[in-house]
Amino acid sequence: MAETGHPSRRGVLLGAGAVSAGMVLAACGGKESPSSGGQAMSTETKAASPSVKTADVPVGGGVVLAAAKVVVTQPKAGEFKAFTAVCTHKQCTVSKVADGTIDCPCHGSKFSVVDGSVVTGPADEPLAPKTVTVAGDTLTAG
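Scoring rules and cut-offs
- Residues numbered from 1 in each chain as written.
- Predicted model: local features only at pLDDT ≥ 70, side-chain atom pairs only at ≥ 80, totals over all residues.
- Heavy atoms only, no water.
- UniProt positions renumbered as here; feature names shortened; annotations may be inferred.
- pLDDT = per-residue confidence, 0-100.
- Contact = heavy atoms within 4.5 Å.
- Pairing = 2+ DSSP bridges.
- Helix = DSSP H or I, 4+ residues; strand = E, 2+ residues; numbered from the N terminus.
- Core = buried A, V, L, I, M, F, W, Y, C linked by side-chain atoms within 4.5 Å.
- Buried < 20%, exposed > 50% of the residue type's maximum accessible area, 1.4 Å probe, protein only.
- Salt bridge = Lys/Arg side-chain N within 4 Å of Asp/Glu carboxyl O.

For the protein, the name recorded in an unreviewed UniProt entry is Cytochrome bc1 complex Rieske iron-sulfur subunit, with Mycolicibacterium mucogenicum DSM 44124 as its organism. According to its UniProt record, the protein has this under Cofactor (unreviewed entry): "[2Fe-2S] cluster".

Trainee: Break down the confidence of the model for the protein for me, with residues and values.
Mentor: This prediction gives the protein a mean pLDDT of 75; 66% of its residues lie at or above 70. The model gives residues 16-46 a pLDDT under 50, and that stretch makes 12 contacts with residues more than four places away or in other chains.

Trainee: An account of the sheet that holds strand β5 (residues 70-76) is needed here, citing residue identities and associated values.
Mentor: Taken in spatial order, the 4 strands of this open sheet run β4-β5-β6-β11, and their pairing is antiparallel. Sheet topology places β4 (62-65) and β11 (129-130) at the edges, where each strand pairs with a single neighbour. The sheet contact formed by β4 and β5 spans 4 bridges and is antiparallel. Within β5, the position partnered with G62 by the bridge is T73.

Trainee: I'd love a proper account of the nonpolar core, names of residues and values included.
Mentor: Considering soluble globular proteins, one finds that nonpolar side chains tend to be buried as a cluster. Residues I102 and F111 are the most contacted members of the largest nonpolar core, which totals 13 residues. Beyond its immediate stretch of four places on either side in the chain, I102 contacts V71, T73, F83, V94, K96, V97, S109, K110, F111, S112, V113 and L127. Counting residues in each nonpolar core, the second largest holds 10 residues, with V52, V63, L65 and F80 among its members.

Trainee: Requested: an account of the pattern of salt bridges, with residues and values cited.
Mentor: The final tally for this structure, using the stated rule, is 4 salt bridges. As a salt-bridge pair, K81 and E79 come within 3.8 Å of each other at their nearest N and O atoms. In the salt-bridge network here, residues are joined through shared partners; they are K76, E79 and K81.

See the structure below:
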């Protein structure tokens, strides 16, 4: 402390640094596991791949799975495609599939349900393809 009874600037900065370091260490910590050799393990879990029933994807149309940022389409009966639902123009999430296009509400871009290519701009890049797997009556995209 300084002679005035107030903490010095150096003391305040050192104390703040120690508190910040403690907060970073606490935020970065994870649960220890006996099999991890005492090292912290991540507590994150991977989200399950988004899925939808085949009957819910109309022929010539599709379904936007907004939470997963995936759109699943059925260009022809029994043919399923999946694309990112993030528009390549300004990264808005597409909102609907209608009349053979995947539509972005932000600036009017439209993409083909067949291959994700740009039908109407301002986007100038196609939607990135995703894999889609059919198991019985369930489609899983990822």
